[in-house]
Amino acid sequence: MRPLRLFALIALTLSIPLPSRPQPTTKTSSHKRQPIAADLVHRSAIVIDTHADTPQRMLDDHYDLTQPLDGGYLNFASAKQGNLGAEFFSIWVEPKLYEGHYARRTLELIDTVLQQAAAHPDKMMMAYSPDDIERAHREHKLAALMGIEGGHSIEDSLGLLRDDYRLGVRYMTLTWSNSNNWADSSGDADDPTVHHTQDGLTDFGKDVVYEMNRLGMMVDISHVSDKTFYRAVITSRAPVFASHSSARALTNVPRNMTDDMLRAVARSGGPNSHGGVVQVNFYSGFISDAWAQAWKAQAPERKAGEDAQIAQWKSEGKTITYAMTDALDKQWAAKIPRPPLSALIDHIDHIAKVAGIDHVGLGSDFDGIPSSPEGIDSAADLPKITAALIERGYSPEDCHKILGANFLRFFRDVQATAKELQAQSGERPKITDQQPFRK
Ligand SMILES: [Zn+2]
């Protein structure tokens with residue numbers, strides 16, 4: 001137990017205020033129903049969210065985190081109110097829109113996050129390690145980290161992977177919804193027109209995982225196909241994690257993880273590993289079967305409506321951005337009733353029971369999802385999750401694990417593995433530096 005944690009627990013027992021972030025100015029009705037303890041538990045945690053798609057807003061719409069949310073989920077005000085300590089900003093390159101320019105778009109997205117931190121040194125600092133996250137917490141700043149979502153970003157080059165690490169990227173999701181030349185996605189695993197690997201990862205794909213292990217870049221298995229998941233787990237020498245995935249036993253969609261996968265993440269890594277973490281996605285379509293089915297049933301009508309709108313924008317000479325299509329999705333999603341907050345808590349609870357309390361955390365997917373459960377409208381609402389967990393009997397210590405401590409432990413394990421591998425460099429000769437052309 002770290003001294004800060006011990007102090008937090010003593011403070012809880014004695015009901016004295018903690019030297020933490022300012023209390024929110026407004027109390028919601030749920031605060032009135034909850035004993036004060038839940039709020040104290042939340043305020044005394046290092047809260048870490050491992051997935052937000054805000055960089056596209058920053059780059060395409062010049063969105064600044066000092067601005068009002070304006071339909072988004074994350075800005076400085078909401079982060080402060082929700083006691084959000086660290087956010088992983090997603091570096092996501094839309095594969096069709098940027099075909100032929102993946103690396104360029106990747107670099108621009110990385111730049112936009114670095115620029116945001118440079119513009120607001122009093123509110124936000126770039127973080128590259130667990131120690132940095134703790135330092136930012138002590139300085140009452142938002143720790144900003146970066147994760148690449150989709151292996152197509154590295155354009156089949158280990159050199160680019162290393163460059164991304166040098167620029168501060170600390171995790172990579174092996175695929176997004178598109179399979180790439182070396183790993184398969186759950187998004188097109190059943191599509192016969194898409195080329196897939198034989199075993200889930202090609203030889204180059206295994207080299208990518210190994211190089212990530214050596215660098216200390218976390219291996220993220222959200223989005224990958226089941227086959228690629230198992231291949232990545234047995235290939236990786238460090239524990240792996242899911243930056244934003246929920247439980248398939250509760251909501252049966254390919255993006256979610258089966259109970260067997262949850263247990264495999266918990267057990268992943270070498271003999272000295274404490275295992276990986278599954279960071280729960282807040283998306284209504286991943287936490288509620290009813291919502292997912294309604295969204296699917298709406299698909300033909302939605303597609304026709306969206307295609308017509310996009311055609312109209314194009315005829316007006318407008319450049320179609322992610323923000324524009326995202327806004328359209330949100331309009332359609334709003335026609336379907338949001339699931340209750342308890343649906344999200346059910347997923348956290350399920351993963352905690354199946355994988356273990358040390359293997360679950362938060363991966364909101366803020367600014368990347370068209371719908372979230374009732375009550376979760378922005379990062380400001382994160383304390384409601386803690387309140388709901390307390391209500392279900394989770395201890396303050398367990399809440400702290402879920403809110404960020406589990407992820408910090410996992411991040412440290414990945415770094416420790418990297419140090420070991422760097423010390424024995426040359427032990428595993430790489431098969432290739434570049435993915436060979438398959439055609
Ligand atoms: Zn995603």
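Keep in mind that this is a model prediction, so the values were computed, not measured.

*Asks:* Please provide a residue-by-residue account of the nonpolar core, values included.
*Replies:* Among the nonpolar cores identified, the biggest contains 97 residues, and I221 and I385 are the most heavily contacted of them. Per-element accounting of this core gives the leading share, eight residues, to helix 16 (residues 341–354).

*Asks:* Talk me through the coordination of the zinc ion; I want residue IDs and the actual numbers.
*Replies:* Around the zinc ion, the protein supplies E149 (OE), H223 (NE2) and H244 (NE2) as donor atoms, at distances of 1.9 to 2.2 Å. We note that the donor set of the zinc ion lies within a single chain, spaced as E-x73-H-x20-H. With a gap of 95 residues between them, E149 in strand 4 (residues 142–149) and H244 in the loop between helix 10 (226–235) and helix 11 (259–267) connect regions that are remote in the sequence. Each member of the pair, E149 together with H244, is buried.

*Asks:* Provide a residue-level description of the packing of aromatic side chains, including the pertinent values.
*Replies:* Summed over the entire model, instances satisfying the criterion amount to 16 aromatic pairs. Centre to centre, the rings of W182 and F204 are 6.2 Å apart; their planes meet at 75 degrees, and the pair counts as edge-to-face. Of this pair, W182 sits in the loop between strand 5 (169–173) and helix 9 (203–215) while F204 sits in helix 9, and the two are 22 residues apart along the sequence. Accessibility classification places W182 together with F204 in one group, the buried group. Ring centres of F241 and F410 lie 5.0 Å apart, and the angle between their planes is 35 degrees; this geometry places the pair in the tilted category.

*Asks:* A description of the pattern of salt bridges should follow, citing residues and the corresponding values.
*Replies:* Should the charged atoms of two oppositely charged side chains come close, the side chains can pair. By the definition in use, this model includes 22 salt bridges. Of the charged contacts in the structure, one is a salt bridge between K330 and D326, with a shortest N-O distance of 3.6 Å. Residue K330 and its partner D326 are both found in helix 15 (residues 322–333); the two are separated by four residues, about one turn of the helix. Three or more residues joined by partner-sharing salt bridges are found here, namely D346, D349, K353 and R392.

*Asks:* Describe helix 16, naming the residues involved and giving the relevant values.
*Replies:* Between the first and last C-alpha of helix 16 there are 20 Å, a value that for 14 residues agrees with the 20 Å anticipated at 1.5 Å per step. Of all 14 residues making up helix 16, 11 are buried, and the element is well covered by its neighbours. Among the residues of helix 16, those classed as buried are L341, A343, L344, I345, H347, I348, D349, H350, I351, A352 and V354. Taken together, the buried residues of helix 16 touch helix 11, strand 7 (278–280), helix 12 (284–287), strand 8 (360–362), helix 17 (382–391) and helix 18 (396–423). Trailing helix 16 by a residue or two, G356 shows a phi angle of about 115 degrees, which is positive.

*Asks:* Tell me about unusual backbone geometry, residues and numbers included.
*Replies:* A positive phi angle is found at D156, which is not glycine, with a value near 60 degrees. By relative accessible area, which is 15% here, D156 ends up buried. With phi around 65 degrees, D367 is a residue other than glycine that occupies positive phi space. Turning to its location among the elements, D367 is positioned in the loop between strand 8 and helix 17. For D367, a relative accessible area of 3% corresponds to the buried category.

*Asks:* Before we move on, can you summarise empty space enclosed by the protein with the specific residues and values?
*Replies:* This structure, assessed with the given rule, holds two cavities of 30 Å³ or more. Taken as a whole, the largest cavity holds about 50 Å³ of empty space. What lines the largest cavity is I221, S222, H223, V224, F229, S245, R248, P254, R255, N256, M257 and M261. Empty space within the second largest cavity amounts to approximately 40 Å³. Forming the walls of the second largest cavity are Q56, D60, W92, E94, L97, Y98, R105 and Y322. Across the lining of the second largest cavity, the residue classes break down as four nonpolar, one polar and three charged.

Scoring rules and cut-offs
- Sequence order as written defines the numbering, with residues in each chain counted from 1.
- The predicted nature of this model means local features are confined to residues of pLDDT at least 70 and side-chain atom pairs, given and counted, to a pLDDT of 80 or more, with totals for whole chains, interfaces and linings taken over all residues.
- For side-chain calculations, the full set of non-hydrogen atoms in the structure is used, while hydrogens and water are omitted.
- Note on terminology: a nonpolar core comprises buried Ala, Val, Leu, Ile, Met, Phe, Trp, Tyr and Cys residues joined through side-chain atoms within 4.5 Å.
- Using a 1.4 Å probe on the protein chains alone, a residue whose accessible area is under 20% of its type maximum counts as buried, one over 50% counts as exposed, and one in between counts as partly exposed.
- Put simply, DSSP H or I for four residues or longer makes a helix, DSSP E for two residues or longer makes a strand, and each gets a number counted from the N terminus.
- Donor atoms are limited to N, O and S found within 2.8 Å of the metal ion, a distance that becomes 3.2 Å for Na, K and Ca. With water left out, some sites might look partial.
- Two rings belonging to Phe, Tyr or Trp (six-membered ring only in the last case) form a pair when the distance between their centres is within 6.5 Å. Interplanar angles under 30 degrees mark stacking, angles over 60 mark edge-to-face geometry, and anything in between is tilted.
- The salt bridge definition used is simple: a Lys or Arg side-chain nitrogen within 4 Å of an Asp or Glu carboxyl oxygen.
- In a helix, the anticipated span is given by 1.5 Å times the number of residues less one.
- Throughout, a contact is declared for two residues whenever any of their heavy atoms are within 4.5 Å.
- In this analysis the probe radius is 1.4 Å and the grid spacing 1 Å, with only protein atoms considered; a cavity is a set of points the probe fits into but cannot get out of, a pocket is an open set with protein on both sides within 12 Å along at least five of seven lines, and lining residues have an atom within 4 Å of a point.
- Grid points are joined across faces, edges and corners, and a volume is the space filled by probe spheres set on the points.
- Just so you know the grouping, Ala, Val, Leu, Ile, Met, Phe, Trp, Tyr, Cys and Pro go in nonpolar, Asp, Glu, Lys and Arg go in charged, and all remaining residues, Gly too, go in polar.

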